[in-house]
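Observations on the three-dimensional arrangement
Spelled out from the first residue to the last, the chains are:
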Amino acid sequence: MEIAKTETAEKTTFALTGRLDTASSPAFQETLIPAFDEVKEITVDFANLAYISSAGLRVLLMGEKTAKSKGAALIIVNVSAEIMEIFEMTGFSQILTIL
Amino acid sequence: MSVNNTGEAFKSQQKVAFLSLLSELPNVIAQLVFMILSGSLMIALDAVDSLCNFIQAGLSFLLSKKLQGDDSFKYDYGMGKIEAFGSFISAAFLYVGVTAVFAASVYSIIFPSAPQGMLFLAIFLKIINVAVDVFLLRKQIKTVKGVSGSFIASNTVLLKKNLIFDSVALFVIAISFLLRNIPAISYFEPVACIVCAVIIAAQNSKIISGAASDLLDKTLDEETQLKILKCVSKIWKDIAEFNGVRTRRSGHIIYIDLMVSFEGGSSYSEIRGAYETFDTAVKEILPDSVSAIVITEVERAE
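Residues numbered from 1 in each chain as written. Chains lettered and ligands numbered in written order. Predicted model: local features only at pLDDT ≥ 70, side-chain atom pairs only at ≥ 80, totals over all residues. Heavy atoms only, no water.

This brings us to the overall build of chain A. From N to C terminus, chain A includes three helices and five strands. Reading chain A from its N terminus to its C terminus gives the helix and strand order β-β-α-β-α-β-α-β. Per-residue burial for chain A yields a buried fraction of 51% across its 99 residues. In chain A, the share of contacts with a sequence separation of at least 24, taken over all contacts with a separation of at least 6, comes to 67%. (Helix = DSSP H or I, 4+ residues; strand = E, 2+ residues; numbered from the N terminus. Buried < 20%, exposed > 50% of the residue type's maximum accessible area, 1.4 Å probe, protein only. Contact = heavy atoms within 4.5 Å.)

Okay, structure coming up:
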């Protein structure tokens, strides 16, 4: 999986390409969680994300809680129908901010 | 509900394991020497047992040192695999040794011979063994009270077994020595040895099957993991930090550890309530599951 980072003064965007699974989730976690120390808004772009596993979902849940504890926001954009189905199935479509 | 408090216990476990190593080394050497000098089958069986104990105490010492030295190993199923592997190795070794002594006992019954004169020294050795067993068992029970773990549990069982076995061996050798002039006594020790070997093998089977089951742990399939995450969503508002979920399947049981932290002001009843909500939700979809909340503290860089 590739993680492309775009930064502005107010927010950081991570564009994910490929599969967010057991193999790639640790790298995404190491990128996402510390980023909340620098900005108040992080957007994760799923436009080119083909698949998300439970491991990837766990990283998003960690990110959501970290964002809340730091008074920041985690926003997920361009979610495909397949991945949206996973969010709805697990009940996290009501918890995560998905645009 | 589970809280990570095993660090101190592993430190104590290391001390007990070190004492076991110190006591077992001369014991193993003495058993082998006396086995050769006396030709006693009970001592031979004890020598095998002592050698196995020495291996297990050595593994216990190394593992508990590793467990207390590195925080990342304190609650890690990978370490559980190593524990299970250690138990499996020592149990397998015991099977080989017990089988050899069993065969020698059968041989002695078919071709009986009178007890050897050095048995009185074996009695002296056994008295020392029983005293050491009592001391170690009391220390083990006191130091690992309330701590779970297959290796710690098997070590306690091993110490209890040592005390029983050494006491029986002392009795058998003493009787064989005292009644050495009666011809039929030549059958007493081999028969006692066979009985002991069967009991040891039966007890050992529990350890080896438990360790084998742990070694055959499987990762849960993706669908089940997603179902577990759905259960997390039910207590989402109750938790302050979410630090992951660890799952594994051991036999038909699924173990689930939810690693989270709660707000500083959370009461015990609130935490207990969150656990019960999670556990109930999990049980609905996975009846054969054991869930736990592991309260974690995460330090973040400023």
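It is worth spelling out the confidence of the model for chain B at this point. Residue and element names in this part refer to chain B. With 82% of its residues at a pLDDT of 70 or more, chain B shows a mean pLDDT of 77. In the model of chain B, helix α1 (residues 7–38) stands out as the element of lowest mean pLDDT, 74, in contrast to helix α8 (residues 268–285), which has the highest, 89. Ignoring residues within four places in sequence, the model shows residues 1–6, a span with pLDDT below 50, making 15 contacts including any to other chains. Below pLDDT 50 for its whole length, residues 71–79 participates in 20 contacts with residues either more than four positions away or in separate chains. On the interface metric, ipTM, the complex scores 0.80, and its pTM is 0.50. (pLDDT = per-residue confidence, 0-100.)

Tallied over the full model, the rule gives four aromatic pairs over all chains. Seen from their ring centres, A:F92 and B:W236 are 5.5 Å apart, and the 90° between their planes marks the pair as edge-to-face. Of the two residues, A:F92 sits in the loop between α3 (81–90) and β5 (97–98) while B:W236 sits in the loop between α7 (222–233) and β1 (241–250), which places them in two different chains. A relative accessible area of 0% places A:F92 in the buried class. The exposure class assigned to B:W236 is buried, which follows from its relative accessible area of 6%. Put simply, the rings of A:F92, B:W236 and B:F242 touch in pairs and so form one group of aromatic residues. Lying across the ring of B:W236, A:K65 places its NZ or CZ 4.5 Å from the centre. In this structure, B:R180 packs its charged tip against the face of B:F177, placed 4.3 Å from the ring centre. (Phe/Tyr/Trp six-rings, centres within 6.5 Å; stacked < 30°, edge-to-face > 60°. Lys NZ or Arg CZ within 6 Å of the ring centre and 35° of its normal.)

Let's shift gears to the sheet that holds β5(A). Residues and elements named next belong to chain A. Within the open sheet, the five strands sit side by side as β1-β2-β3-β4-β5. Their pairing is mixed. The sheet terminates laterally at β1 (2–7) and β5, the two strands that pair on one side only. Note that β1 and strand β2 (residues 11–20) share six bridges and pair antiparallel. Looking across to β2, one finds that T6 is bridged to T13. On the sheet, helix α1 (residues 25–35) packs against β1, β2, β3 (41–52) and β4 (73–77) and is oriented at approximately 170° with respect to β2. (Pairing = 2+ DSSP bridges. Axes fitted to C-alpha atoms, helices over the stretch in contact; angles between N-to-C directions.)

All right, on to the packing of α7(B) against α8(B) then. Residues and elements named next belong to chain B. The N-to-C vectors of α7 and α8 enclose an angle of 150°; their axes lie 9 Å apart at closest approach. When the axes of α7 and α8 are compared, the pair comes out roughly antiparallel. α7 and α8 meet at a crossing whose hand is right-handed. Between α7 and α8, the residues in contact are K227, I228, C231 and V232 and F278, A281, V282 and I285, respectively. Looking at side-chain class alone, the contact of α7 with α8 contains seven nonpolar, no polar and one charged residues. (Parallel < 35°, antiparallel > 145°, perpendicular 65-115°, else oblique. Left-handed = near helix turned anticlockwise from the far one by under 90°. Nonpolar A, V, L, I, M, F, W, Y, C, P; charged D, E, K, R; others polar.)

Our next topic: the interface of chain B and chain A. On the side of chain A, 19 residues touch chain B, which itself brings 17 residues to the contact. In total, chain B and chain A occlude about 1600 Å² of area from one another, counting both sides; carbon and sulfur atoms represent 65% of this. In this assembly, chain B and chain A are joined by six residue pairs in polar contact (both at pLDDT 80 or more). Broken down by secondary-structure element, the contributors of at least two residues to the side of chain B that touches chain A are α7 and β1 of chain B. Ranked by residues supplied to the side of chain B that touches chain A, first place goes to α7(B) with seven residues. Considering only residue class, the side of chain B that touches chain A consists of nine nonpolar, four polar and four charged. (Buried area = accessible area lost by both parts, 1.4 Å probe. Polar contact = N/O pair within 3.5 Å; in protein donor to acceptor, adjacent residues only side chain to side chain.)

Moving on, we come to the sheet that holds strand β3 (residues 289–295) of chain B. What links the strands of a sheet is backbone hydrogen bonding, and the strands pair in either a parallel or an antiparallel sense. Residues and elements named next belong to chain B. Spatial strand order, β1-β2-β3: three strands in an open sheet with mixed pairing. The open sheet has two edge strands, β1 and β3, and neither has a second partner. Each strand of the sheet is rotated relative to its neighbour by a mean of 15°, with strand direction disregarded. Pairing between strand β2 (residues 253–261) and β3: seven bridges, direction parallel. Of the residues in β3, the one forming a bridge with I256 is S291. Each of β1 and β2 touches α7; the most contacted strand, β1, lies at about 140° to it.

Right, let's get into empty space enclosed by the protein. Residue and element names in this part refer to chain B. This structure, assessed with the given rule, holds three cavities of 30 Å³ or more. Put simply, the largest cavity is a space of about 100 Å³. Lining the largest cavity are 13 residues, and of these L94, L158, K161, N204 and I207 lie nearest its centre. Class assignment for the residues of the lining of the largest cavity results in seven nonpolar, five polar and one charged. Estimated volume of the second largest cavity: approximately 70 Å³. Of all the secondary structure elements, the ones that give two or more residues to the lining of the second largest cavity are α1, α2 (41–69), α4 (119–143) and α5 (150–178). (1 Å grid on protein atoms, 1.4 Å probe; cavity = no way out; pocket = protein on both sides within 12 Å on 5 of 7 lines; lining within 4 Å. Points joined across faces, edges and corners; volume = space filled by probe spheres on them.)

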